[in-house]
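The chain contents come next:
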Amino acid sequence: MSSALTDLFPHPIVQAPMAGGVSVPHLAAAVCEAGGLGFLAAGYKTADGMYQEIKQLRGITSRPFGVNLFMPQPEYADPGAVEIYTHQLAGEAAWYETELGDPDSGRDDGYDAKLAVLLDNPVPVVSFHFGVPSREILEALRGAGTFTLVTATTAEEALAVQRAGADAVIAQGVEAGGHQGTHRDLPENDGSGIGLLSLIAQVRETVTIPIVAAGGIMRGGQIAAALAAGASAAQLGTAFLATPESGANAVHKQALTNPLFTRTELTRAFSGRPARGLVNRFMREHGPYAPAAYPEVHHITSPIRKKAAASGDAQGMALWAGQGHRMARELAAGRLVEVLAAELDAAKTALSAKGDLR
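Calculation rules
Residues numbered from 1 in each chain as written. Predicted model: local features only at pLDDT ≥ 70, side-chain atom pairs only at ≥ 80, totals over all residues. Heavy atoms only, no water. Pairing = 2+ DSSP bridges. Helix = DSSP H or I, 4+ residues; strand = E, 2+ residues; numbered from the N terminus. Axes fitted to C-alpha atoms, helices over the stretch in contact; angles between N-to-C directions. Contact = heavy atoms within 4.5 Å. Parallel < 35°, antiparallel > 145°, perpendicular 65-115°, else oblique. Left-handed = near helix turned anticlockwise from the far one by under 90°. Buried < 20%, exposed > 50% of the residue type's maximum accessible area, 1.4 Å probe, protein only. Polar contact = N/O pair within 3.5 Å; in protein donor to acceptor, adjacent residues only side chain to side chain. Salt bridge = Lys/Arg side-chain N within 4 Å of Asp/Glu carboxyl O.

(A) Up close: the sheet that holds strand β6 (residues 168-172). The parallel open sheet is built from 8 strands, whose spatial order is β1-β9-β8-β6-β5-β4-β3-β2. The open sheet terminates on both sides in strands that have one partner only, identified here as β1 (13-15) and β2 (38-41). Looking at each pair of strands side by side, their axes are set apart by 25 degrees on average, direction ignored. Here 3 bridges tie strand β8 (residues 211-214) to strand β9 (residues 233-236), and the two strands are oriented parallel to one another. Note on β9: the bridge partner recorded for Ala213 is Ala234. Contacting β3 (65-70) and β4 (125-129), helix α5 (residues 111-120) runs over the sheet at an angle of about 160 degrees to β3. Together, β5 (147-152), β6 and β8 form the strand contacts of helix α8 (residues 196-204), whose direction differs from that of β8 by roughly 165 degrees.

Structure, rendered in structure tokens:
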């Protein structure tokens, strides 16, 4: 198995790229400096906004880091369903004293412009979510010296990632917080996600490229389990969301361990694509009726989510979180990497000792 990825950082710990202002340069830098792989999230940013964050990150760390891109989405949303959902949200807009967003605000997230920046100013690692880039793009990035990863939620998707020529695959289990990185958003597949350990095993038997495991990981012992199952590294999002360096809203951070929020669910309520978050009022009331329409629904609900966050109302926010959210620790990001690495070493030692006793 190639070590080209894990040679970039001492600990097999990757900070997930969390879009929406969470994965800011200071978070990525703290993770990198502690020996993990920090990531910037280019999703929902302009190409120039992404470039400015890359410049800022390079100004505070010389360690390797990554940048994540969202793949452009095909136009398969039902306009009628989007219109009906828009009418259903009118009351929310009135309550938060805002207007609903324009569902036709763009589908490609500035993909081509961002790729141009990353080819002109290469970064060590680039990952992709919501689909597989073309072989030509992956080869161009490799030629620029960039290591590429692509998210997959099934063994079949992982095989597509390998066939396209990516250097590694991110195996995202159903436990993961935020958006599921399915290559095609098929409503008939809702609720059919695969747990992380089962997914790692299936992907390991399907592809030969390295695997980065993602989904519900909050402790070093879980990283050890993922590595034992066949992964080369583990990607953690919710664990880093609670850190002081994270750009997440304070209400979001507090909600992770607030007894009021007891569970997570996958929902289309906020974006039109399945994403895991803490169950709140907005999710309960609108989740059952939200259409498969990303990014249309994302654009529509954006003003509501922003006003709810600004007013400290957790019941109207998208509180993305993985299934392990109650295990979140209020540690500085660098310290969290150190603790995770120590827990990983302890788990490895314990496993080795058990093996010696047999």
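(B) Representation of the sheet that holds strand β7 (residues 178-179) within the structure. Taking strand neighbours across the sheet as the criterion, the 3 strands line up as β7-β11-β10 in an open arrangement whose pairing is antiparallel. Of all strands in the sheet, those with a lone pairing partner are β7 and β10 (264-267), marking the two edges. Sheet topology note: the β7/strand β11 (residues 275-278) ladder contains 2 bridges and is antiparallel. Note that in β11 the partner of Gly178 across the bridge is Arg276.

(C) Representation of the packing of helix α2 (residues 47-60) against α5 within the structure. Between α2 and α5, whose axes approach to 8 Å, the crossing angle comes to 30 degrees. As judged from the angle between their axes, α2 and α5 are roughly parallel. In this structure, α2 meets α5 at a crossing whose hand is right-handed. The residues of α5 that touch α2, namely those facing Ala47, Met50, Tyr51 and Ile54, are Ala113, Lys114, Val117 and Leu118.

(D) Structural context of unusual backbone geometry. That bond from Tyr294 to Pro295 is cis: its omega, 10 degrees, falls within 30 degrees of zero. Within the secondary structure layout, Pro295 lies in the loop between α12 (281-286) and α13 (296-310). A positive phi is found at Phe130, a non-glycine position, where the angle reads about 75 degrees. When you line up the elements, Phe130 lands in the loop between β4 and α6 (135-143).

(E) Fine view of the environment of Thr243. Among the secondary structure elements, Thr243 is positioned in the loop between α10 (238-241) and α11 (250-255). As a C-alpha pair, Thr243 and Arg329 span 86 residues in sequence and 7.6 Å in three-dimensional space. Aside from chain neighbours lying at most four places away, what touches Thr243 is Leu27, Lys253, Leu331, Ala332, Ala333 and Leu336.

(F) Geometry of the side chain of Asp185. With respect to the helices and strands, the residue Asp185 is situated in the loop between β7 and α8. Classification of Asp185 by relative accessible area gives buried; the value is 4%. A distance of 2.8 Å separates a polar atom in the side chain of Asp185 from a polar atom in the side chain of Arg268. Once residues lying within four places of it in the same chain are set aside, the contact partners of Asp185 are Tyr76, Arg268, Gly272, Arg273, Pro274 and Ala292.

(G) Expanded view of the side chain of His183. Summarising the element assignment, His183 is placed in the loop between β7 and α8. Residue classification places His183 among the buried positions, given a relative accessible area of 19%. In this structure His183 touches Phe130, Gly131, Val132, Val150, Thr151, Ala152, Glu157, Val161 and Arg273, once residues within four positions along its chain are discounted.

(H) Region of interest: the pattern of salt bridges. Under the definition given, this model contains 12 salt bridges. Across the pair Arg329 and Glu343 runs a salt bridge whose closest N-O atoms are separated by 2.7 Å. One end of the pair, Arg329, is in the loop between α13 and α14 (333-357); the other, Glu343, is in helix α14, with 14 residues separating them in the sequence. Residue Glu343 is classed as partly exposed on the basis of its relative accessible area of 22%.

(I) Looking closely at helix α7 (residues 155-164). Listing the buried residues of α7 in full gives Ala155, Glu157, Ala158, Val161 and Ala164. Directly beyond the C-terminal end of α7, a positive phi value near 105 degrees is found at Gly165.

These results come straight from atomic positions and should not be treated as a statement about function.
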